[in-house]
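Secondary and tertiary structure notes
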Amino acid sequence: MDLNKLFGEDNPNEKKEWKEWKPRPKLVPILEAEIVKYNEARKQSSPTLFRASEIGGCDKKFLYKFNGLTEEIDAKGYLTMNVGTAWHELLQTYLAEHFVSLEERLYFNDKAGDSSVCADLSGSYDGELTGKIVGQEKNILLEIKTTGVSNFQRLITGKGQLSNKYKFQNTVYLHAKGLDMTIFLMVNRNIALTDEFMELNPDLDVNPTFHEIIYRKDDAMVEKLRQKITDRKLHMKLGTSPKREKVTECSYCSFEAQCKAEHEQNKILAREAKKSETENKKEQEKLAKAEAKKNKNK
Ligand code: SF4
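Residues numbered from 1 in each chain as written. Predicted model: local features only at pLDDT ≥ 70, side-chain atom pairs only at ≥ 80, totals over all residues.

Observations concerning the overall build of the protein chain
For the protein chain, the helix and strand inventory stands at eleven helices and eight strands. Rg of the C-alpha trace for the protein chain: 28 Å, well past the compact-globule value of 19 Å for 298 residues, more than 25% over. Principal-axis analysis of the C-alpha atoms places the extent of the protein chain at approximately 100 × 85 × 45 Å. Buried residues in the protein chain amount to 16% of all 298 residues. The contacts of the protein chain with a sequence gap of at least 6 include a subset with a gap of at least 24, amounting to 72%. (Helix = DSSP H or I, 4+ residues; strand = E, 2+ residues; numbered from the N terminus. Rg over C-alpha atoms; globule rule 2.2 N^0.38 Å. Buried ≥ 20, exposed ≤ 12 C-beta atoms within 10 Å, placed from the backbone. Contact = placed C-beta atoms within 7 Å.)

Considering the site of the ligand
In the vicinity of the ligand, the residues found are Cys-58, Lys-60, Lys-61, Arg-244, Glu-245, Val-247, Glu-249, Cys-250, Cys-253, Phe-255, Glu-256 and Cys-259. Mapped onto the shell around the ligand, the elements with two or more residues apiece are α4 (59–66) and α11 (256–297). The residue inventory of the shell around the ligand, partitioned by class, reads six nonpolar, no polar and six charged. (Near = placed C-beta within 6 Å. Nonpolar A, V, L, I, M, F, W, Y, C, P; charged D, E, K, R; others polar.)

What to know about the environment of Arg-154
In this fold, Arg-154 is placed in helix α7 (residues 149–156). Exposure remark for Arg-154: the 13 C-beta atoms within 10 Å place this residue in the partly exposed category. In sequence terms Arg-154 and Met-221 are 67 residues apart; their C-alpha atoms lie 23 Å from each other. In contact with Arg-154, other than residues within four places in its own chain, are Lys-159 and Gly-160.

Points about α4
Among all positions in α4, only Lys-60, Lys-61, Phe-62 and Tyr-64 are buried. With its phi angle positive at about 100°, Gly-68 sits one or two positions after the end of α4.

A look at the nonpolar core
Among the nonpolar cores identified, the biggest contains 23 residues, and Ile-55, Val-172 and Tyr-173 are the most heavily contacted of them. Contributions of two or more residues to this core are made by α3 (52–55), β6 (136–147), α7, α8 (164–177), β7 (181–188) and α10 (219–238). With six residues, the top contributor of residues to this core is α8. Once residues within four sequence positions are removed from consideration, Ile-55 is found in contact with Phe-50, Leu-121, Phe-168, Gln-169, Val-172, Leu-225 and Lys-228. (Core = buried A, V, L, I, M, F, W, Y, C linked by C-beta atoms within 7 Å.)

Observations regarding the pairing of strand β5 (residues 127–133)
Note: β5 against β6, seven bridges, orientation antiparallel. For Thr-130, the partnering residue across the bridge sits in β6 and is Asn-139. (Pairing = 2+ DSSP bridges.)

Section: the confidence of the model for the protein chain
Mean pLDDT over the protein chain: 87, with 91% of residues reaching 70 or higher. Within the protein chain, no element has a lower average pLDDT than strand β3 (residues 105–107), which sits at 57, and none a higher one than strand β8 (residues 210–216), at 97. Ignoring residues within four places in sequence, the model shows residues 109–113, a span with pLDDT below 50, making 15 contacts including any to other chains. (pLDDT = per-residue confidence, 0-100.)

Here's the deal with unusual backbone geometry
Even without being glycine, Ile-191 reaches a positive phi, approximately 70°. Structurally, Ile-191 is set in the loop between β7 and α9 (195–200).

Let's talk about the environment of Lys-159
One can find Lys-159 in the loop between α7 and α8. In the structure, Lys-159 is positioned 81 residues away from Thr-240 in sequence and 37 Å away in space, judged by C-alpha atoms.

Details of the environment of Lys-26
Among the secondary structure elements, Lys-26 is positioned in the loop between α1 (3–7) and α2 (27–41). By the C-beta count within 10 Å, which is 14 here, Lys-26 ends up partly exposed. On a C-alpha basis, the gap between Lys-26 and Lys-76 in space is 17 Å, while along the polypeptide they are 50 residues apart. Residues within four places of Lys-26 in sequence aside, it is in contact with Leu-6, Phe-7 and Gly-8.

Some words on α2
For α2, built from 15 residues, the straight-helix expectation of 21 Å at 1.5 Å per residue is met to within 8% by its first-to-last C-alpha distance of 21 Å. Of all 15 residues in α2, zero are buried; the element is thus mostly exposed. (Expected span 1.5 Å × (residues − 1).)

Quick look at the packing of α8 against α10
Closest axis-to-axis distance for the α8/α10 pair is 10 Å, and the angle between their directions is 100°. The angle between the axes of α8 and α10 places the two elements in the roughly perpendicular class. Contacts between α8 and α10 pair Lys-167, Phe-168, Thr-171, Val-172 and His-175 from the former with Met-221, Val-222 and Leu-225 from the latter. The residue makeup of the contact of α8 with α10, split by class, is five nonpolar, two polar and one charged. (Axes fitted to C-alpha atoms, helices over the stretch in contact; angles between N-to-C directions. Parallel < 35°, antiparallel > 145°, perpendicular 65-115°, else oblique.)

Some words on the packing of α4 against α10
As a packed pair, α4 and α10 sit with axes 11 Å apart at the nearest point and diverge in direction by 40°. With respect to each other, α4 and α10 are oriented oblique. As for the relative orientation of α4 and α10, their crossing is right-handed in sense. Contacts from Asp-59, Phe-62, Leu-63 and Phe-66 in α4 reach Lys-228, Asp-231, Arg-232, His-235 and Met-236 in α10. Of the residues that constitute the contact of α4 with α10, the class distribution is four nonpolar, one polar and four charged. (Left-handed = near helix turned anticlockwise from the far one by under 90°.)

Spelled out as structure tokens, the structure:
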């Protein structure tokens, strides 16, 4: 590495003694730029219109991307994704002998014969387990999700639940494979629980790293999925966009500034349209009154 780049203007000059020099390295911005560069170079475009992992996300965000805007992901965002991938690979390696399949990539048209739900979607579930249970041969899907410690703590205490985004994603897999149950293996990225949480919950006997949640296929979710796809396609055809709704995704959305500005602009336009409608109505009432008066005086 070029040390001039690493220390920039902090370079010691000849008059300074090496031992007195208090360097302020700039390795972090170099590292962050490399993380972004590395991940950008490996970005793959989706083979289908929709991806199962994003179908439950914000439709407005999807449409921004569909209309050509580029999503900017910073080093922290990419690193979070890389860590998630590494966790998946590790856990799948440990569990490999228990699966009938791992990471099967699905390019639907839907095996259940209902193309309005899964057409134009692709995605890959994390694993499929099989076995005999309560007298039946059953196949059960596995989804691994890494999460931050706060969300993990909410899940193990029952104060939080699976996000809709995960439910939509998993509904795609269950529906396409004709299955009805998934085990979500939630992984605490921080591995341990926070000290504050342990102090507040001294008697809680929980695994600080892993938590299992059963998810069953829900027909109402299938219908919502169908509706979501229909709505997105309609917006794509008409060149329109849904109303902004504040969702968790907003906090890390790279279109937030634009989305907010558009929302404010739409509010102003709606106010102006309403004002002009009221003024028109008043004007028409005035004209009608004048007309009535004229007729009366005839
Ligand atoms: S800011 Fe929120 S509502 Fe707007 S596009 Fe992003 S995620 Fe969607």
